Every structure is written in structure tokens, then in C-alpha cells.
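Listed below, chain by chain, are the residues.
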Amino acid sequence: MQDQKLQLRRQFRQYRDNIDAITRGRNDLAILEKLQGLPEITAANSLFCYISTGTETDTRLLLDWLLTQGKQLAVPKITGNGRMLAVAFTGWSDLQTGKPGIPAPVLSDEFNGKLDVSITPGLAYTISGTRLGQGQAYYDRWFAEHTVQHKIALAFECQMTDKLPADAHDIAVDIIITEQRIIRVS
């Protein structure tokens, strides 16, 4: 199954990488607009959100908007032992490129409060919420240790597929937002 996942990761990363800059920008804005109107987001007091890199669905405008809404924010920080922490995020000035090339706050301690929403990255998704991540299982391990009311994925429509292999430790998302639709996993 791991070989199949590796091949799928390459395939869906390529799909995402092939989106031209104009289409990507338009799609990112459409996803952001859908997310801003989501009741789970407006009702949330605290959110855990990845900082986008490369060709991932953009979260920078989302994080800026959430800060203006007075939300408590946490972002991922990978530690030296390969563990992911949720650390407080208050702005862009305190970020430094961390492991594995992901920007993270330098001096933040682990966020210990309740998190209402997690904005979760991935390479591919099914409408049943199955998620194919980068292969390090950071989020699967983190979700196994932390309770979050709503796990929301942001994806381009080209990242959606009918079927993905899943291991017992793989944790699904509750909502997927693409530029075309909002998918609520039942």
C-alpha cells in the first residue's frame, strides 16, 4: 500500500503543480470566500491552520483575515524529534523557516487551549473525507492526541478523487472546500 500511496502523492502533486498562476490565484480566492462564509469558521474562537508553501492552497490571506476577526490562531511547528506542535500565531514577523522547510514562529510555546477548527493540508481527498498527506503522518499523529471539533481541508478540484488507500491510523477530514464546492462528509 505504501508504494501505491507514493505513486498517488507524485500524481496529485503534479496535478496541483500544473495549475497556472492566474487560475491558482482565482481558485485560492474562491476557496477563501467559501471558507469565510462557513458557519464553523465564523463560530470558531480558535483555529489551527497550516502555513501554505509551494503550490498548496494558499492560507496566507486566510490567516490575515482570521487575525482581523480576533480569532486565536495556532500554526504547526515540527520539532527535532519529528513531532508536530500547534504553536500560537500572532503575525508574520516572528516566523522563520523551520523543519521541513515550513515557516513557523520561532519563540512560540505549544498552544494549550481548545481548538475549534483545524485547516488541514493534503495532496488528495475523497468525498468521504479520506486524506492523502505528504507521507510523514504529522497530522494523523497530532489528531490522535488532540480533539478538534471540525477538521477542514482546502483543496483544488484536481485534488479530488473517487478512491484513496487508507491505513488504520489515517484520520479523515469533516469538510473539504474546493474552488467549486463545499463537501460535508457524512
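Here the residue index of a chain counts from 1 through its sequence in written order. Side-chain atom pairs in this predicted model are given and counted only at pLDDT of 80 or more, local residue features only at pLDDT of at least 70, and totals for whole chains, interfaces and linings cover all residues. The basis for every side-chain value is the complete set of heavy atoms in the structure, and neither hydrogens nor water enter the calculation.

Chemist: What's the story with helix H2 (residues 21-36) in this structure? I'm lost.
Modeler: Because an α-helix completes one turn every 3.6 residues, residues spaced three or four positions apart along the sequence face the same direction. Given a rise of 1.5 Å per residue, 16 residues ought to cover 22 Å, and the 22 Å separating the end C-alpha atoms of H2 matches this to within 8%. Turning to H2, its buried residues number three or more, namely Arg24, Asn27, Asp28, Ile31, Leu32 and Leu35. Viewed end-on, H2 has its buried residues packed into an arc of 140°, placing them on one side of the element. Exposed and oriented more than 90 degrees from the buried face of H2 are Ile22, Arg26 and Glu33. Put simply, DSSP marks the helices as runs of H or I at least four residues long and the strands as runs of E at least two long, and each gets a number from the N terminus on. By this rule the span expected of a helix is its residue count minus one, scaled by 1.5 Å. Here the term buried applies to any residue with accessible area under 20% of the maximum for its type, exposed to any over 50%, and partly exposed to those in between, with areas from a 1.4 Å probe on protein chains only. Arc definition: it is the arc formed by the directions from the helix axis to the C-beta atoms.

Chemist: Even after reading the chapter, I still don't get helix H1 (residues 2-17), so can you show me in this structure?
Modeler: The first and last C-alpha atoms of H1 sit 22 Å apart over 16 residues, in line with the 22 Å expected at 1.5 Å per residue. Of all the positions in H1, only Lys5, Leu8, Arg9, Phe12 and Arg16 are classed as buried. Buried residues along H1 cover an arc of 110° about the axis, so they all sit on one side. Residues count as neighbours in contact if any of their non-hydrogen atoms are within 4.5 Å of one another. Taken together, the buried residues of H1 touch H2, strand E7 (124-125) and strand E8 (131-132).

Chemist: Please explain unusual backbone geometry as it appears in this structure.
Modeler: For residues that are not glycine, phi is negative in most cases, and the peptide bond is trans in most cases. We note that alanine 137 has phi near 65°; this positive angle belongs to a residue other than glycine. You can see alanine 137 is positioned in the loop between E8 and helix H5 (138-145). Classification of alanine 137 as partly exposed rests on a relative accessible area of 22%.

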